[in-house]
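# Report on the structure
Now for the letters of each chain:
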Amino acid sequence: MNKNEKFVITINRELGSGGRTVGEKLAEKLGVQFYDKALIKALTEKYHLSVEEIENLKGRNHSWWAEFARSFMLAEKTSKTMYYDITPGEMPDVLTTEDMFDTEQHILKDIAEQESCVIAGRLGFAVFKDHPNHLSVLIQAPMEKRIERVMRKQLLSEADAKKVIQKVDKMRENYVNKYANTSRYDTRNYDLVISMNGHSIDEAVDLIMKYIK
């Protein structure tokens, strides 16, 4: 990846691995924007965006995303939804509909066309697999570390934290299987795989920076 040209870095991560925070800090160090699936989903729901509506916006204004971001997204980034706020056992295996999937991918591709960015999302490796300047990263962590982090962030018991992780793991794997016909654990989908076992957030960011150089 050449950071002197327009680029996109996708961060796929396990819940509780700290991968989202790695993505945020990496974007800050590179001086680019950080986007995640939760924010894109919020945009599509709040503004009822569809592929057709996005095309209409683009027809009126080629830089529609930049205008949209200034009016809404950058302000919303202060709300940082970091974890799934769910009750174990009450979440369906796949949350995304076909229409929502198409709209989200459309938005992500438009963002990458207009600016360099870091995107955290469970299907980024597939969405940008043909992008000429794309780095795909997977962040993992041992289960005990993931449980500790989710317990701390969500104020859950150990048992409930483990249930949430297992449910989200299943949901994300089903999502990747459905829309990319692969497994998110297939390391061939990534340029770089980092285990957070023994690594801090800053150390993981430094590893990615060294890989880029």
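My aim in this report is to walk through the structure given alongside it, one point at a time.

## Quick notes on the overall build of the protein
Within the protein, the regular secondary structure consists of nine helices and five strands. Walking the protein from its N terminus toward its C terminus, one meets helices and strands in the order β-α-β-α-α-α-α-β-α-β-α-α-β-α. The proportion of buried residues among the 213 residues of the protein is 48%. For the protein, contacts bridging at least 24 residues in sequence account for 78% of all contacts bridging at least 6. Total accessible area on the protein stands at roughly 10,800 Å², and carbon and sulfur atoms take up 46% of it.

## Looking at the pairing of strand β1 (residues 8-13)
Across the six residues that make up β1, a large majority, six, are buried. Alternating positions in β1 separate into two faces, V8, T10 and N12 on one and I9, I11 and R13 on the other, with burial throughout. As judged from the four bridges shared by β1 and strand β3 (residues 117-120), these two strands associate in the parallel manner. Bridge pairing in β3 links T10 to I119. Bridge analysis of β1 against strand β4 (residues 134-140) gives six bridges, and the strand direction is parallel. Directly across from V8, in β4, lies its bridge partner H134.

## Observations regarding the sheet that holds strand β2 (residues 33-36)
Strand order in the open sheet formed by five strands is β2-β3-β1-β4-β5, with parallel pairing between adjacent strands. Every other strand in the sheet has two partners, leaving β2 and β5 (192-195) as the edge strands with one partner each. Geometrically, the sheet is characterised by an average inter-axis angle of 20° between neighbouring strands, direction not taken into account. Relative to β5, helix α9 (residues 201-212) is tilted by about 160°, and along the sheet it contacts β1, β4 and β5.

## Quick notes on helix α7 (residues 143-154)
The first and last C-alpha atoms of α7 sit 16 Å apart over twelve residues, in line with the 16 Å expected at 1.5 Å per residue. Among all positions of α7, only R146, I147, R149 and V150 are buried. One face of α7 carries all of its buried residues, which in axial projection span an arc of 165°. Residues of α7 that are buried sit in contact with α1 (19-30) and α8 (158-180). One or two positions beyond α7, positive phi appears at L155, with a value near 55°.

## Here we look at the pattern of salt bridges
Enumeration according to the criterion identifies eight salt bridges in this entry. A salt bridge links E14 to R146; its shortest N-O distance comes to 3.6 Å. Highlighted residues: E14 in the loop between β1 and α1 and R146 in helix α7, separated in sequence by 132 residues. Both residues of the pair, E14 and R146, count as buried. Several salt bridges converge on common partners, so that one network encompasses E14, R146, D169 and R184.

## Regarding the nonpolar core
General note: in soluble globular proteins, nonpolar side chains tend to be found buried as a group. Residues I9, L26 and I208 are the most contacted members of the largest nonpolar core, which totals 24 residues. Looking at this core, the elements that each hand over two or more residues are β1, α1, β3, β4, β5 and α9. Ranked by the residues each element gives to this core, the list is headed by α9, at six residues. Within the second largest apolar cluster, ten residues are counted, among which are L108, A112, I119 and F128.

## Quick word on the pairing of β5
What you see with β5 is a clean split: L192 and I194 sit on the buried side and V193 and S195 on the side with no burial. In this structure, β4 lies alongside β5, joined through four bridges in parallel fashion. The residue of β5 that forms the bridge with L138 is V193.

## Overview of α9
Between the first and last C-alpha of α9 there are 17 Å, a value that for twelve residues agrees with the 16 Å anticipated at 1.5 Å per step. Residues I201, A204, V205, I208, M209 and I212 constitute the buried set of α9. Considered in projection along α9, the buried side chains sweep an arc of 140° and stay on one side of the axis. Contacts from the buried residues of α9 go to β1, α1, β4 and β5.

## Topic: the environment of G31
Relative to the helices and strands, G31 resides in the loop between α1 and β2. The exposure class of G31 is exposed, given its relative accessible area of 66%. With 86 residues separating them along the chain, G31 and C117 place their C-alpha atoms 8.8 Å apart.

The rules behind these values
Residues numbered from 1 in each chain as written. Predicted model: local features only at pLDDT ≥ 70, side-chain atom pairs only at ≥ 80, totals over all residues. Heavy atoms only, no water. Helix = DSSP H or I, 4+ residues; strand = E, 2+ residues; numbered from the N terminus. Buried < 20%, exposed > 50% of the residue type's maximum accessible area, 1.4 Å probe, protein only. Contact = heavy atoms within 4.5 Å. Areas by Shrake-Rupley, 256 points an atom, 1.4 Å probe, with all protein chains shown as cover. Pairing = 2+ DSSP bridges. Axes fitted to C-alpha atoms, helices over the stretch in contact; angles between N-to-C directions. Expected span 1.5 Å × (residues − 1). Arc of directions from axis to C-beta. Salt bridge = Lys/Arg side-chain N within 4 Å of Asp/Glu carboxyl O. Core = buried A, V, L, I, M, F, W, Y, C linked by side-chain atoms within 4.5 Å.

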